[in-house]
Structures are given as C-alpha cells and as structure tokens.
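A look at the structure
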Amino acid sequence: MQAFQLELPPPLTGGRFFGVGKYSYLVGAHPLPMIQKMVESMSQLQKEELQVQDKEHRKGCRGLLYQQVENLQEKVFIHAEEVNKLRSEENALLQESLSQLQLEVAEKNAQILKQELEVQQKMDCLNEVEQRLNDSLRERAKAKERFNFRLWESQQTIASLKAQPPQIKYIVKRVEVESSKLKEALNEAQSQNRSLEEQVGMQSQVLKEMEQQLQDSRNISTWLRSQIQKYESEVERVHREMVEVVQTMKDEKNRAIEDAFMQAQTEMKAVHENLAGVRTNLLTLQPALRTLTNDYNSLKRQVRDFPLMLQRALQTTRAEIGEVVEEVRNTNHELLCKYRRELQLRKKYHNELVRLKGNIRVFCRVRPVMEEDVDGLEVMNMVTFDPEDDAVLHLYHKGKLVSFELDKVFPPEATQQDVFQEVQDLITSCIDGYNVCIFAYGQTGSGKTYTMEGMQGNPGINQRALQLLFAEVAEKALDWEYTISVNMVEIYNEALRDLLGKEPHGKLDIKLCPDGSGHLYVPGLTEFTVKSVEDINRVFEIGHMNRVTECTNLNEHSSRSHALLIVTVSGVDSSTGIRTTGKLNLVDLAGSERVGKSGAEGSRLREAQYINKSLSALGDVIYALRSRQNHVPFRNSKLTYLLQDSLSGESKTLMMVQVSPLEKNTGETLYSLKFAQRVRSVELGPMAKKTEVVSFPPADQMELDSRSSPNSSPGASSGRPGSLRKKLQISGRGKSPPL
Ligand SMILES: Nc1ncnc2c1ncn2[C@@H]1O[C@H](COP(=O)(O)OP(=O)(O)OP(=O)(O)O)[C@@H](O)[C@H]1O
C-alpha cells in the first residue's frame with residue numbers, strides 16, 4: 001500500500017531570507033553612517049515583509065489540508081474498488097479451471113463406457129465360439145464312437161468269414177470290398193476329424209487372443225478408473241485450495257480496508273490537530289498581522305522615498321570615495337617613486353659592489369691528477385697553494401717557483417658546487433638586466449668542459465646557472481614576469497654556427513640591428529624558450545648532437561672551437577611596467593695550447609692560428625675594457641664581436657682559467673696563468689685608466705716574456721703573494737700597481 005505523506009508548509013523562521021533580497025549587499029557594517037542607517041531600515045523592512053507573507057501563507061495552508069483529506073478518502077475508495085475487482089477476477093479464473101476439469105472427467109467416463117461395451121461384445125462373441133466348439137467336440141466324439149463300433153463289427157465279421165471255406169473266400173472278398181469302403185469312410189472321417197481339430201486349434205488360438213484382449217481391456221479399465229479417481233481427488237484438492245485462497249483474499253481485503261481506514265483516521269486526526277494548531281496560530285497572529293500591516297504601509301512609504309535617499313547617499317559616498325581614491329593614487333605615486341629610487345639605489349650599490357670587486361674577475365681552477373695521467377710513472381704535482389690566501393698559487397717551473405695572484409683559486413679538491421657558489425651572484429645579476437660573460441680558458445684537457453658543462457649527475461656552471469635562474473624567477477613571480485630563452489653557437493675557424501638550428505653546418509653572420517640602437521644580432525639564430533630542467537636538458541642534447549654530427553672526433557673538434565651558451569632573461573614588472581633584459585654568456589673556449597709552435601701543419605696550423613687570433617683578441621678586448629680605453633677592438637674576432645654587447649657597458653665578466661698540475665703541462669700552465677695574470681693585473685687604478693693601448697702579445701711572445709722574467713712579469717705577483725694580497729686589501733683593488 002502506498003504511504004501517504006502530508007505536504008505541510010515549510011516552518012516559518014522569520015529572518016530565514018535575511019540578506020538574500022536585492023539589497024542584501026548592503027547588509028553589514030558600512031563605513032558611512034548614512035548608508036548604514038539606510039541599510040538597517042531596509043533589512044527591517046524586508047523582515048516585516050516576510051512576516052506578512054508568512055501569515056498569508058498559513059491561510060492558504062488550511063485549504064491545502066482540507067484538500068489533502070479529500071484526496072485521502074478518494075484514495076481509500078479507489079483501493080476498495082481495486083480489491084473487489086481483484087477478487088471477482090480470481091473467482092472467474094478458478095471457475096473456469098474447475099469446469100475444464102469436470103469436462104475432462106466426463107470425457108474420460110465416456111471413454112471408459114465405450115471400452116466396457118467393446119469388452120462385453122468381445123465376451124459374447126467368445127462365449128458363442130466356445131459353445132460352437134463344445135458342440136462340434138461332442139459330435140466328433142459321437143461319430144468317433146460310431147465309427148469305432150462299426151469298425152469293431154466289421155473286424156468281427158471279417159474274422160468269422162476267414163474261419164469259413166472258399167465260399168467264404170468270396171464273402172471275404174466282398175467283406176474286403178465292403179471294408180475298403182469302410183476304410184474310405186474312415187479316412188474321410190479322420191480327415192474331417194483333423195480339420196475339426198485344426199478348427200478347434202484355431203478357435204482356441206482366437207480364444208486365447210480374445211482372453212488376452214479381455215485382460216488388456218480389463219487393465220485399461222482399471223487404469224482409467226484409477227485415473228478418474230486421481231482426477232477426482234485433484235479436482236477436490238483444487239476446489240479446496242480455491243476456497244482457501246478466496247477466503248485468504250477476503251481476509252486480506254478486510255484487513256487492508258481496516259488498515260487503510262485506521263491510517264486514514266490517524267492521518268485525519270493529525271490533520272485536525274494541525275488545523276487546530278494553525279487556527280490557534282492564526283488567532284494569535286492576527287494582532288501582529290495588523291501591526292505588521294501598519295508597519296508595512298509605513299515602510300512602503302519609506303521605500304518610495306528610498307531611491308532619493310540612496311541617490312543622495314551615493315553622491316556623498318562617491319565624493320568620499322573619490323577623495324580616498326585620490327589619496328591612494330597619491331600614496332601609490334609616492335610609493336612608486338620611492339620604489340624606483342630604491343631600485344636605482346640598489347642598482348647603484350650593486351654596481352658599486354661589483355666595481356669594488358672588479359667588473360672583470362679572474363678565477364683559476366686546478367684540475368686534479370687523473371688516473372690516466374699516472375701511466376705507470378711517478379707524477380709530479382707542480383702546483384701548490386697558499387693555505388692563508390685562497391687567491392694565490394705557486395707553479396714550480398724549470399727549478400723556480402713562480403707565484404700568481406688572481407681573484408680566487410680553486411684547488412683540485414674544489415667541487416662543482418664550490419665553484420658555482422662563487423659565480424652565482426654574477427649569474428643572478430642578469431635577472432636585474434646585466435650582461436654577464438663567463439669564459440673557461442685553458443689548454444686542452446685542463447677541465448674547461450668539466451667546469452662549464454660538468455658530467456652526468458654532477459653538472460657544471462651551465463646547468464646550475466639555468467636552475468638558479470628558474471628558482472630566482474619563480475621567487476619573484478608575484479611581481480615580475482620573466483622569460484628565459486637560450487641560443488647555442490659554436491665558433492670554429494672564425495665561422496659562426498647555430499648548434500640548435502636545423503642546419504648546423506651553415507655559417508651565420510653578425511649584423512647591426514637596423515633599429516639604429518647600435519646593438520648586434522645574428523639573423524636566423526635559433527632560440528628556445530626554456531621553463532624547466534627538462535627543457536634545458538633537451539636543448540643541451542640538441543646542441544651536443546649537432547656538435548657531434550659536425551665532426552667524427554668530438555673531443556678533437558671541441559678543443560678547437562669555442563662553444564657558447566647564450567641565456568637571455570627578459571622580465572617585466574607587472575605593477576610598474578618596468579622591463580629588464582639581461583644576457584648570460586657561458587663560453588667554453590677552444591684549447592689555448594700553442595699548437596702552432598709545435599710544428600703543426602695544414603688544417604691543424606690553420607685551426608691554431610684562428611684560436612690564437614681569437615684568444616688574443618679576447619685578451620685585447622678584456623684588457624681594453626679593464627683599462628677603460630676609448631677604443632675596444634671588438635671586431636678583431638667573431639667571438640669578441642658576437643659578445644660585444646655583453647662585454648661592454650655595465651656588463652660583468654669572469655675568466656675561469658683552467659690549469660693542469662702535471663709536470664708535462666707546466667709550459668701551458670705557465671702560459672695560461674700569465675694570461676690570467678695579465679687580464680687581472682689591469683686593475684681599474686689610476687694608471688690603468690689611461691687610454692694606453694696595450695695589445696695582448698701572441699702566444700710566442702708571452703712565452704718569451706715568461707722566460708726572460710718569470711718572477712717579475714705578472715704584475716709583481718712574485719714570491720710574496722701574501723703581502724700583495726694584504727696590500728690590495730688595505731688599498732682596494734683600484735689601487736693595484738699598473739702593468
Ligand atoms: N675538477 C675536476 N675534477 C675531476 N675531473 C676533472 C676535473 N677537471 C677536469 N676533469 C677531467 O679531466 C678530463 C679533461 O677535462 P675536460 O674535457 O673538461 O677538458 P677541456 O679543457 O674541456 O678539454 P677540451 O679543450 O679538449 O674540451 C675529463 O675527463 C674531465 O672529467
């Protein structure tokens with residue numbers, strides 16, 4: 001049975017809809033007292049309007065309840081009708097099956113009668129045949145008796161005649177004749193007798209069959225009787241069941257009606273109670289309704305006046321807001337000015353710091369003695385360090401100790417992280433818009449690639465720099481939006497090649513920007529924007545692959561070409577719109593060893609000449625920059641020309657001079673350290689500021705210099721490095737002795 005549920009109206013909660021009306025946004029403390037007052041009166045109005053709506057709602061509720069009672073009664077009536085219909089349908093079904101069963105029983109009875117009739121007919125026939133058989137048997141016995149008697153008589157006659165004379169013979173003949181007649185008759189009788197016996201046999205066969213049939217018929221009749229009994233008992237059972245079902249249904253129907261009636265009564269009672277409650281509520285609400293109606297009317301009036309009030313309030317508020325906005329704008333402007341001043345100051349201090357440290361710094365890294373260096377022989381370590389000064393190293397060369405002072409010396413045990421620690425400030429300054437160049441300089445096998453690229457699992461400056469840039473950029477992401485892009489190029493025999501391009505074999509040109517800014521650019525150079533370490537690795541892979549395909553022996557090739565990773569960091573401050581662009585150039589230079597001197601020929605000699613030329617051009621440029629000369633010879637090599645923007649102006653340069661500590665390499669080590677010393681020694685002191693043009697001598701001449709005066713040549717960094725360092729610390733870098 002379906003459960004009826006009364007749909008009562010929702011409970012009335014007075015302020016349930018508070019703050020949901022069209023003026024809801026006005027609820028809450030407002031800074032302006034006028035608006036606050038208006039908001040309060042509006043919410044009061046809304047509340048009262050809701051209460052009036054509640055009362056009207058209750059009125060409608062009573063009608064709804066009556067309607068529901070009527071619906072309930074209607075449903076009870078429909079259910080009673082359904083029960084009746086169900087009962088009559090089931091009765092009809094049962095009657096139908098009963099009459100069908102009776103019909104079947106009648107049919108079976110008729111069949112049995114028919115069978116019995118047939119059996120009776122067969123029995124009659126059988127009796128008749130039996131009767132006839134008995135008669136014929138009796139006749140046959142009589143005939144047999146007669147023939148036996150006549151036979152006996154004949155035999156008596158024959159015997160008596162045989163005992164008589166010939167006369168008697170004749171008689172005998174006659175008797176014999178007579179006897180043959182008798183014999184014939186006897187034969188005839190015997191054949192008759194046989195045919196009768198056959199008939200008797202046949203009749204007894206027929207009789208047996210008939211008996212069998214009779215027996216079958218009796219069996220069938222017994223089976224049919226038992227079937228009839230079964231059917232009768234089945235019919236009786238079905239009838240009984242049907243009566244029971246009808247009875248159960250009657251009971252159920254009565255119960256259902258009673259239940260429905262009871263439920264309806266309970267629900268009616270509840271409805272009446274509700275109705276009574278609603279009536280009482282209505283009675284108590286009537287005075288409140290009156291008050292509310294009055295209030296409502298007065299509020300209506302207020303609402304009518306509200307737009308005017310609101311307009312006035314809005315005008316006042318607008319004026320107030322305008323004042324506040326103006327105030328905020330002024331404050332913002334002041335803050336922006338302060339911020340810009342701070343930015344300028346920061347840049348100034350940073351520049352000052354860098355200036356104090358030197359815009360061009362020279363570090364030296366000594367690679368460890370490798371297993372492959374040992375080669376069965378004892379290996380002499382020719383480089384030693386000053387335990388008290390990490391900027392000094394001593395080289396034992398041709399029986400003499402030559403000392404060098406640089407900005408920082410990394411001993412063989414220094415890790416990649418130690419090295420990176422010292423250069424990271426330089427790298428992050430490109431986020432602030434500075435151009436930075438880091439060069440790895442040194443002979444082949446001195447560890448340039450190890451320092452710049454590093455190894456799998458222990459990356460060098462290149463990868464660490466990009467990772468640091470990502471981290472720094474992410475930290476500033478709230479205020480600044482940065483883009484980091486990379487190029488990879490190679491300079492081999494003064495030819496510039498794009499290592500990320502589709503055609504790495506093609507030569508690139510360096511051109512002046514057509515916008516008249518004086519900046520340089522490389523048309524067709526491939527640039528990748530990188531956002532993650534994975535991107536960097538992919539870029540490095542492409543660059544490496546292109547370098548590999550360029551030459552069969554990569555190491556051979558790499559030591560004869562300059563590899564440049566150019567990272568551009570562009571940023572825009574979202575609040576001020578200030579834009580910055582900084583470039584970080586990470587350069588793995590070609591091997592600095594003087595192949596030309598060792599009698600190389602052909603392509604080797606050409607390569608060596610190109611390398612010598614470009615390295616001394618780089619030395620010249622750095623020297624010119626450091627000594628603040630008017631003319632800086634950037635155009636003397638592809639390398640310096642390409643890096644012109646990043647080497648001049650407020651840019652920062654770091655030369656990482658790589659050396660080997662092995663005895664066999666002391667010549668090259670000395671040469672590299674002299675180069676480093678020369679670069680560094682051109683301090684920004686008073687003498688260095690002179691626009692004196694001091695060209696970097698080619699490798700051969702440097703060798704001569706070192707031979708003539710190994711202790712005195714590199715900027716007075718002879719046997720007393722510690723004292724020089726101290727002197728520098730006291731007087732500042734700008735005051736170091738001139739060349
Ligand atoms: N600081 C170091 N610690 C450990 N191994 C180093 C270090 N420096 C260099 N090596 C190893 O020395 C070998 C030569 O270094 P690397 O290839 O970096 O020299 P290179 O100057 O770049 O030579 P090339 O000019 O031919 O490119 C490499 O096997 C490298 O792993």
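Since this is a predicted model, take the numbers as computed values, not measurements.

Next up on the list: the overall build of the protein. Scanning the protein for helices and strands turns up 14 helices and 17 strands. Residues classed as buried in the protein amount to 37% of the 739 residues present. Of all intrachain contacts in the protein linking residues separated by at least 6 positions in sequence, the fraction that spans at least 24 positions is 73%. Total accessible area computed for the protein in this model is approximately 44,300 Å², and 53% of it derives from carbon and sulfur atoms.

On to helix 4 (residues 416-428). Compared with an ideal rise of 1.5 Å per residue, which puts 13 residues at 18 Å, helix 4 spans 17 Å between its outermost C-alpha atoms and is within 8% of the ideal. Along its length, helix 4 shows its largest kink, about 45 degrees, at Glu 422. Along helix 4, the positions that sit buried rather than exposed are Gln 416, Val 419, Phe 420, Val 423, Leu 426, Ile 427 and Thr 428.

Take the pattern of salt bridges next. Enumeration according to the criterion identifies 12 salt bridges in this entry. Between Arg 138 and Asp 135 there is a salt bridge, with the nearest N and O atoms lying 2.5 Å from each other. Linking Arg 138 with Asp 135, this pair stays in helix 1 (residues 33-162), spanning three residues, or about one helical turn. A salt bridge links Arg 140 to Glu 197, with the nearest nitrogen and oxygen atoms 3.7 Å apart. Here the residue Arg 140 occupies a position in helix 1, and Glu 197 occupies one in helix 2 (residues 167-357), the gap between them amounting to 57 residues. Given a relative accessible area of 42%, Glu 197 falls into the partly exposed group.

What follows concerns the side chain of Glu 668. Relative to the elements of secondary structure, Glu 668 occurs in helix 12 (residues 666-681). Residue Glu 668 is classed as buried on the basis of its relative accessible area of 14%. Excluding residues that lie within four positions of it along the chain, Glu 668 makes contacts with Gln 443, Ser 592, Glu 593 and Arg 594.

A sheet is described by the order of its strands in space; here three strands give the open sequence 2-3-4, paired in antiparallel fashion. Strand pairing shows two members of the sheet lacking a second neighbour, strand 2 (383-386) and strand 4 (400-405), which therefore form its edges. Taken pair by pair, the neighbouring strands of this sheet meet at an average axis angle of 30 degrees, ignoring direction. Two strands pair when backbone bridges link them, and strand 3 (residues 389-397) and strand 4 are joined in this way by six bridges, in the antiparallel orientation. Following the sheet pairing, Val 392 is matched in strand 4 by Glu 405.

A few words now on the UniProt feature "binding site: ATP" (unreviewed entry) in the protein. UniProt annotation of "binding site: ATP" (unreviewed entry) refers to Gly 442, Gln 443, Thr 444, Gly 445, Ser 446, Gly 447, Lys 448 and Thr 449 when read in the numbering used here. Tracing the sequence through the fold places Gly 442 in strand 6 (residues 436-442). Discounting residues that sit within four places of it in the chain, Gly 442 has contacts with Lys 448, Ala 590, Gly 591, Ser 592, Gln 658 and Ser 672. Summarising the element assignment, Gly 447 is placed in the loop between strand 6 and helix 5 (448-452).

Side chains that are three or four residues apart share a direction in an α-helix, a result of its 3.6 residues per turn. For helix 9 (residues 602-626), built from 25 residues, the straight-helix expectation of 36 Å at 1.5 Å per residue is met to within 8% by its first-to-last C-alpha distance of 36 Å. Positive phi shows up at Arg 628, right after helix 9, with a value of about 50 degrees.

Cut-off values and rules
- Residues numbered from 1 in each chain as written.
- Predicted model: local features only at pLDDT ≥ 70, side-chain atom pairs only at ≥ 80, totals over all residues.
- Heavy atoms only, no water.
- Helix = DSSP H or I, 4+ residues; strand = E, 2+ residues; numbered from the N terminus.
- Buried < 20%, exposed > 50% of the residue type's maximum accessible area, 1.4 Å probe, protein only.
- Contact = heavy atoms within 4.5 Å.
- Areas by Shrake-Rupley, 256 points an atom, 1.4 Å probe, with all protein chains shown as cover.
- Expected span 1.5 Å × (residues − 1).
- Bend = angle between axes of the 7 residues up to and from the residue.
- Salt bridge = Lys/Arg side-chain N within 4 Å of Asp/Glu carboxyl O.
- Pairing = 2+ DSSP bridges.
- Axes fitted to C-alpha atoms, helices over the stretch in contact; angles between N-to-C directions.
- UniProt positions renumbered as here; feature names shortened; annotations may be inferred.

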